[in-house]
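# Inside the fold
Here is how the chains run, residue by residue.
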Amino acid sequence: MFSFCSDPDTLEGAAWWACYLTTRKHLLFYSSFGTVLLLLVITAPAALTLGFGGAVASRSRFLPLAWLGKIYTSMVRGIPDVLFFLFVPLALDQGLEWIRHHLLCPEWAEPIRQDGNFVVCREAKLPLSSAPEWMHEIYGFLLAVVAFALVFGAFAANVLAGAMRAVPHGQLETAAAYGMSRAQVFWRILVPQMWVYALPGLSNLWQILVKATPLLFLLGVEDIVYWARELGGTKTSVYDYPHGDWRLYYFLVLLVFYLVLTKFSEMGFDRLTRRFSRGQKTIGSSSPTPA
Amino acid sequence: MSCWDTFQAYALRSLGVGERILPRDDFTVCQEVVLIGSGLLWNLYFAAVALVLGFFLATGLALLRNSQRRVARKPAEWFIFLFRGSPLFIQFFLAYEAFVLLPRAGIPLDLGVVEITVQTGWLTRAWAGATLVLFLNTAAYSAEIFYGALRSVPQGEVEAAEAYGFNRWQKFRHVVWPTLLRLAWPAYTNEAIFLFHATTLVFFSGFPAWRQQGDALYYASYFADKTFNPFLAYPIAAVYFILATLALLGLFRLGHLRLHRHLPAPARPPLRFRLRLLR
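Right, let's walk through the structure included here. (Residues numbered from 1 in each chain as written. Chains lettered and ligands numbered in written order. Predicted model: local features only at pLDDT ≥ 70, side-chain atom pairs only at ≥ 80, totals over all residues. Heavy atoms only, no water.)

### Quick word on the packing of helix H2 (residues 29-65) of chain B against helix H11 (residues 230-259) of chain B
When two helices pack together, you describe them by how their axes are tilted relative to each other and by the distance separating the axes. Residues and elements named next belong to chain B. Put simply, H2 and H11 touch, their axes get as near as 10 Å, and they point 45° apart. Here H2 is positioned oblique relative to H11, judged by the angle of their axes. In terms of crossing hand, the pair formed by H2 and H11 is right-handed. Along the contact surface, H2 presents Val29, Glu32, Val33, Ile36, Gly37, Leu40, Asn43 and Leu44, while H11 presents Leu232, Ala233, Ile236, Ala237, Tyr240, Phe241 and Ala244. (Axes fitted to C-alpha atoms, helices over the stretch in contact; angles between N-to-C directions. Helix = DSSP H or I, 4+ residues; strand = E, 2+ residues; numbered from the N terminus. Parallel < 35°, antiparallel > 145°, perpendicular 65-115°, else oblique. Left-handed = near helix turned anticlockwise from the far one by under 90°. Contact = heavy atoms within 4.5 Å.)

Okay, here's the thing in structure tokens:
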């Protein structure tokens, strides 16, 4: 990066560090922190939407939809999230290719599942094998986002379903007595009131989501864990900047990153709780509660 | 090979008993069911050791955190912050790298990597190293739960115990602790289930599966990779985890009953499993 970095062997002290920390791979490492934040920014609203859908579905009067919602809400209670992270991207990838295969190559006669292989015609591959490298990376990242959104949507559905149950029933009955339709009761009374009950659960969910982001590594995305292992590993004198096994220090950096991130989130949610509790008689509100 | 033969060959494969070589081709459903079930033994082992030991450390940490003295309170607070504020996945990696590096201090650097891993063999191996991380991790989370419950123990109960002349230990053992557990139990049940599910991370995070002895998800992903079919191996693992979670829940119900045994049956609050996101 700097002009004096052209010959790394001659460098010493601060110059060595300045050059070492600005190698191309290190810049990729720094930008992968952005990947983590990007995942958080995309996943959080997606999961909230899915969770809202799941919670509404599980309350539905139409039984099959209610069952679907209940299955979706309860699946994360018995099955580890890691299992979904491994399963969803692979299943989704194969599902998409299977559909495209049937649409694009109807004349194909061979079976798709041959022993130990999944074979689709070349036009059905996702992304196409001719696609540039960055397309493959984006595709992988998108699959990861879907997996995260599905799992955290199910968690959010649990929180929101609980929050909907927590809204005092009298409120809903009063609204119905005023002649509001079911939809009106739902949108005008239930939804505005449920957030204060949902907030503690949602803030915990956000912390869980933050702490689940390193699992991107499992999904083959070049995230911070990938780069920490890559950069920290022992570099012999064949490399420009030889050093010993520094993975411990790289992981310490990640540890500090996450501690800071969770600490700031906690502070943010504390403010939000105070905000939402304004005018409400809950323990979280600043107004003194009558004894 | 009949299914019974497969069972005999692979039922304890995850512990290193039976057939050495994993199936490589002509995979059968039976093989997947047996091997993934065999891997579940590891998940049960990790969860059992971490939860049992973690319970006691968590109680101690909660008491320290509630202490009036700074010297006692601060370390407990920092410990809880460190383990609750960072991802378990990173903790595994960090611990593994630290265990690998440990003996290097004091040993000349020209030693090969192979010799070093041999020397710290037991800590870099999952059965010890990963269990240690899980133990500390669940202790921190449970300590936070117990601390919250400790703060909610009714003052009147403690005062009544004092009026009876209980000493500090009696007060804790017979009044504070049982009430604390009763208050914390639903949240603690939740934490136990989260921890059990978190054991699936071990073999995907630094800790190598020595001689391909891994947990349920390790074998499930092995089959999914080899057969390119995620639709069989993962659902099998999922069913195992659902059953094991239900069994764990059953155990916690027993604990719940015991904690409320002084109440007549109709007065006992039911232990409902509502997912509480505390992790």
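Resuming the write-up.
### As for the nonpolar core
In terms of nonpolar packing, the biggest core is built from 165 residues, with Phe148(A), Phe152(A) and Phe146(B) touching the most fellow members. Membership of the second largest hydrophobic core comes to 6 residues, among which are Ile112(A), Phe118(A), Val120(A) and Cys121(A). (Core = buried A, V, L, I, M, F, W, Y, C linked by side-chain atoms within 4.5 Å. Buried < 20%, exposed > 50% of the residue type's maximum accessible area, 1.4 Å probe, protein only.)

### Some details on the pattern of salt bridges
All chains considered together, the criterion is met by 9 salt bridges over all chains. Ionic pairing is found between Lys25(A) and Glu230(A), a salt bridge with its closest N-O pair at 3.4 Å. In this pair, Lys25(A) is assigned in helix H2 (residues 24-58) and Glu230(A) in helix H8 (residues 224-232), connecting sequence segments 205 residues apart. A relative accessible area of 34% means that Lys25(A) is categorised as partly exposed. For Glu230(A), a relative accessible area of 31% gives the class partly exposed. Glu144(B) is the partner of Arg84(B) in a salt bridge, and the nearest nitrogen-oxygen pair spans 4.0 Å. Note that Arg84(B) is positioned in helix H3 (residues 70-85) and Glu144(B) in helix H7 (residues 126-151), a separation of 60 residues in sequence. A cluster of three or more residues bridged by salt bridges with shared partners is formed by Arg65(B), Arg73(B), Lys74(B), Glu77(B), Arg84(B) and Glu144(B). (Salt bridge = Lys/Arg side-chain N within 4 Å of Asp/Glu carboxyl O.)

### Re the interface of chain B and chain A
Contacts between the two partners involve 43 residues from chain B, matched on the other side by 42 residues from chain A. Of the roughly 3,900 Å² buried between chain B and chain A on both sides combined, carbon and sulfur atoms contribute 75%. Counting the contacts that link chain B with chain A gives 1 salt bridge. The residue Glu97(B) makes a salt bridge to Arg247(A) at a minimum N-O spacing of 3.4 Å. Our count for the chain B to chain A interface comes out at 7 residue pairs in polar contact (both at pLDDT 80 or more). (Buried area = accessible area lost by both parts, 1.4 Å probe. Polar contact = N/O pair within 3.5 Å; in protein donor to acceptor, adjacent residues only side chain to side chain.)

### Remarks on the packing of aromatic side chains
Residue and element names in this part refer to chain B. Inspection of every chain in the model, using the stated rule, returns 52 aromatic pairs over all chains. Centroid distance Phe89 to Phe93: 5.0 Å. Interplanar angle 80°. Geometry classified as edge-to-face. With Phe89 and Phe93 both in helix H4 (residues 88-101) and 4 residues apart, the pair spans about one turn of that helix. For the pair Phe89 and Phe93, one class covers both residues: buried. Consider the rings of Phe92 and Phe207, whose centres lie 6.0 Å apart with planes at 90°: the pair is edge-to-face. In this pair, Phe92 is assigned in helix H4 and Phe207 in the loop between helix H9 (168-198) and helix H10 (216-227), connecting sequence segments 115 residues apart. As far as the burial class goes, Phe92 and Phe207 line up, both buried. Seen from the ring of Tyr147, Arg65 lies directly overhead, with NZ or CZ sitting 4.2 Å from the centre. (Phe/Tyr/Trp six-rings, centres within 6.5 Å; stacked < 30°, edge-to-face > 60°. Lys NZ or Arg CZ within 6 Å of the ring centre and 35° of its normal.)

Without other data, these values stay purely geometric and don't point to any function.
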